[in-house]
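Single-letter residue listing:
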Amino acid sequence: MGPGPVDNSRSPFAALGTLPFGSTALTDGVLSRRQQVNRERSLWHGLRMLHTAGNFDNLRYAASGGGAYRGPFFMDSDVYKWLEAVGWELGQRPNAPLQEAAEQAVTIVAAAQDADGYLDSYYQVAEPGRRWSDLPQGHELYCLGHLAQAALALSRACGNDRLLDVTTRAFAHVQTVFGEGKRIGVDGHPEVETALVELFRHTRNADYLRLATFFLNHRGAGLLGGGRLRDPGYFQDRVPIRDAEVIEGHAVRGTYLLSGVVDAYLETGEAALLRSSRRQWQDMVDHKQYLTGGIGSRRYSEGFGNAYELPSDAGYAETCAAIGSFYWNWRMLLATGEGIYADHMELTLYNGILSGLGLDGTHFFYENPLSSTGAHVRQEWYRVACCPPNLMRLMASIGHYLATKTPDGVQLHLYDSYRVNAPVAGGRIVLEIQSNYPWEDQVLVRVVETPERPWELSVRLPRWCRTPRVSVDGQALESTPRNGYAVVSRTWTPGDLVALTLPMRPSLVAAHPYVESARHAAAITRGPIVYCIEGCDQEPGVDPKTVSIDATGGLRSEWHPALLGGTVQITARGSAQDLTGWTQLYRPLDDVAPTRRPVQLTAIPYFLWGNREPGGMSVWVPIGQGSNDGR
Ligand SMILES: [Zn+2]
């Protein structure tokens, strides 16, 4: 088995090394079930949608020279993201019908490529002769970045290099157009940068790394400012990447760009790249990230707002932006070995990302606001359909992100039930991780196979947990955590057991008072999970938009095996406003009768909302005292 999405095995500046793809196999749990639904439903649903939306037709027209292009510029990228998902899936289990579907898709893509290597069905069909004429919005290099990632998935996971040959020809063409001494330009939507570094890692052809660095170096010179939004900040093109102090602009673009920045650091060791990435990351988590890990609060620009600009109902928080944040955090983790980045991967995965994926695997959220009046419902597909296939490729490859290795041992970052089979110096480490995470507080790690020399097992201690406990074969571990991990170093024998206990108590969280939509309000969390009040769980007539919570009334959690695939529900004391007769928008405060009544509030994980009948939803709930708070 080859590497997974990121192969840093020869990256000189990596703190942690990725494992070969398939070294981690999910056996049970939330992620395993989501991956199964992805395999059985989402991938086939995606294939149907790509046919009906015209993505494959566009490529066929590019090959035949006839037909009318359908959809936005970047339709090809959805095909590539789907192919990437299928590649990672096929790398884990044989699936003849899926393999056949992938072969057919690759044949359509290969046939669309021009003789000189150019490939972009929008410009081939809709605007022939206008190649590379609109770098801010044309998405040509963006699409080729996704082509490269799909090709690497098929090559690494399936040993199938057909799409890699297409990719090689496409970038040979790109290199005749762009570079020092040739055209100086960058793509409006980053993606090609991270993909080019990965192509370099795969082929060891230094031209790819040089081209990635070229695109990074020329960002921030204002080359893109003439685009639709006329704002270089939107494109992360206002200041050179090494000088950026704050994160700004379109959130997917920003996080994909920063993934490329950290990838370049991992190869070159240029400290200014990592420093810039750290600064922008800190600005994001301190000022511009939802409680769910969602980012990009501004609807019009799909972008980061000002500090604390995090509206709940208008919150955009595109699924792709959360996925971009996950990819960026992963690279920061690989570069630094610091657990804070894995904490944010966990936060974003279990809240802002999984919220985008319906339980049925065929309905999705593009936007992930923190409250709704009931109008926000899942869709089968979108005209701009970036999010569904992005979810598909992440879920198919999620095993890649669970664990890493160093010469000294193995690190576990995300918890679920899975098996690790890692080649390490001097032998092989096989571990069995058992948990009912994120619902139960115990994670058991059993050593199944071990080399005879000593090595270190590192288990992440999530920052949401104030009292983590670790024991080794029943003995409490006393050593000081390192970088957010409990580290156990010893000569292991098969059967050794490390038990990690992460007490999960439901609790209330407040936001900084500058977050206007969360002022005087609290949100319920338990472990890494953010909760919400959804209409269909409440007492009859209770509207989530009118409730308040009694912050002193206590929270009770209960496991419900049949609810939404099995989940922990939380109940709280609160009150609800009776809106009878309240028809006008504003009224004198004196006229508002004390019409609150005590109710029991029922909360479910935010990522599970929107899977039943449509209705209201709120994450932030105003704080009140039962029915006695008057209004
Ligand atoms: Zn998207």
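About the cut-offs
The residue numbers shown here count from 1 along each chain, following its written sequence. Residues qualify for local features only when their pLDDT is at least 70, as the model is predicted, and side-chain atom pairs are given and counted only at 80 or more; totals for whole chains, interfaces and linings, by contrast, use all residues. The side-chain figures draw on all heavy atoms in the structure; neither hydrogens nor water molecules are used. Segments assigned H or I by DSSP are reported as helices when at least four residues long, segments assigned E as strands when at least two residues long, and all are numbered from the N terminus. The classification of residues rests on relative accessible area computed with a 1.4 Å probe and restricted to protein chains. Under 20% of the type maximum is buried, over 50% is exposed, and intermediate values are partly exposed. Calculation of accessible area relied on Shrake-Rupley with a 1.4 Å probe; when residues are assessed, cover is drawn exclusively from the protein chains displayed. Counted charges follow a simple rule, with Lys and Arg positive, Asp and Glu negative, and His plus the chain ends left uncounted. Think of each charge as sitting on NZ of Lys, CZ of Arg, CG of Asp or CD of Glu. The term salt bridge refers to a pairing of a side-chain nitrogen on Lys or Arg with a carboxyl oxygen on Asp or Glu at a separation within 4 Å. Only strands that DSSP links by at least two bridges are regarded as paired with each other. For each structure, a 1 Å grid was placed over the protein atoms alone; sets of points admitting a 1.4 Å probe that cannot get out are labelled cavities, open sets with protein on both sides within 12 Å along at least five of seven lines are labelled pockets, and lining residues have an atom within 4 Å of a point. Grid points are joined across faces, edges and corners, and a volume is the space filled by probe spheres set on the points. We call Asp, Glu, Lys and Arg charged. Ala, Val, Leu, Ile, Met, Phe, Trp, Tyr, Cys and Pro are nonpolar, and the rest, Gly among them, are polar. Confidence scores labelled pLDDT are given residue by residue by the predictor and lie between 0 and 100. Note on contacts: a residue pair is in contact if any heavy atoms of the two residues lie within 4.5 Å. Here a donor is an N, O or S atom found within 2.8 Å of the metal, or within 3.2 Å if the metal is Na, K or Ca; sites may look incomplete because water is not among the atoms. Note on geometry labels: four donors, all angles 85 to 135 degrees, give tetrahedral; four donors become square planar and six octahedral when opposite donors are over 155 degrees apart and every other angle is between 65 and 115; remaining cases are irregular. In this scheme, a helix's expected span is set at 1.5 Å multiplied by one less than its residue total.

(A) Layout of the overall build of the protein chain. For the protein chain, the helix and strand inventory stands at 15 helices and 22 strands. Considering only C-alpha atoms, the protein chain reaches an extent of 75 × 65 × 50 Å along its principal axes. Put simply, the protein chain has 631 residues, and 61% of those count as buried. Of the roughly 23,000 Å² that the protein chain leaves accessible, carbon and sulfur atoms contribute 50%. Charge-centre separation for the protein chain: the mean point of 58 positive side chains lies 1 Å from the mean point of 67 negative side chains.

(B) Molecular detail of the pattern of salt bridges. Scanning the model with the defined rule gives 35 salt bridges in all. E346 serves as the salt-bridge partner of R460, at 2.4 Å between the closest nitrogen and oxygen. Linking R460 in strand β9 (residues 455-460) with E346 in helix α14 (residues 339-353), this pair joins segments that are 114 residues apart in sequence. Grouping residues by exposure puts R460 and E346 together as buried.

(C) Here's a closer look at the pairing of strand β4 (residues 403-406). The pairing of strand β1 (residues 17-18) with β4 spans two bridges and is classified as antiparallel. Residue pairing in the sheet places G17 in a bridge with K405 of β4. As defined by bridge partners, β4 adjoins strand β5 (residues 409-412) across four bridges and the pair is classed as antiparallel. Opposite T406, over in β5, you have G409 as the bridge partner. Counting the residues in the hairpin turn of β4 and β5 gives two residues.

(D) Up close: the layout of surface pockets. Taken as a whole, the largest pocket encloses approximately 1,000 Å³ of empty space. Elements represented by at least two residues in the lining of the largest pocket include exactly α12 (271-287), α14, β14 (507-509), β15 (521-526) and β16 (529-534). Class assignment of the residues belonging to the lining of the largest pocket gives a composition of 20 nonpolar, eight polar and nine charged.

(E) Just the confidence of the model for the protein chain, in detail. Residues of the protein chain with pLDDT of at least 70 account for 98%, and the chain-wide mean is 95. Here residues 626-631 is a poorly scored stretch, pLDDT under 50, and it has 19 contacts once near neighbours within four places are set aside; other chains count.

(F) Quick peek at empty space enclosed by the protein. Counting across every chain of the model gives five cavities of 30 Å³ or more. Estimated volume of the largest cavity: approximately 130 Å³. Forming the boundary of the largest cavity are P5, E84, W88, Q149, L152, T194, E198, Y327, R331, R393 and Y401. Of all the secondary structure elements, the ones that give two or more residues to the lining of the largest cavity are α3 (75-90), α7 (140-158), α9 (192-203) and α13 (319-336). The computed volume of the second largest cavity comes to approximately 100 Å³. Taken together, Q236, D237, R238, V239, I241, A244, V246, I247, E248, L257 and Q280 make up the lining of the second largest cavity. Considered class by class, the residues forming the lining of the second largest cavity number six nonpolar, two polar and three charged.

(G) Fine view of the coordination of the zinc ion. Coordination of the zinc ion by the protein comes from E318 (OE), C320 (SG), C386 (SG) and C387 (SG), over a distance range of 2.1 to 2.3 Å. Viewed at the metal, the four donor atoms of the zinc ion are separated by angles of 93 to 124°, and the geometry they form is tetrahedral.

(H) Focus on the environment of V472. Residue placement: V472 occurs in strand β10 (residues 469-472). Taking the C-alpha atoms as reference points, V472 and L497, 25 residues apart in sequence, are found 5.9 Å from one another. Setting aside anything within four residues of it in sequence, one finds V472 in contact with L477, V488, R490, W492, L497 and V498.

(I) Seen up close, α7. Over its 19 residues, α7 runs 26 Å from end to end, which matches the ideal 27 Å to within 8%, given 1.5 Å per residue. Burial analysis of α7 places 18 of its 19 residues in the buried class, the great majority of the element. The first or second residue beyond α7 is G159, which carries a positive phi of 65°.

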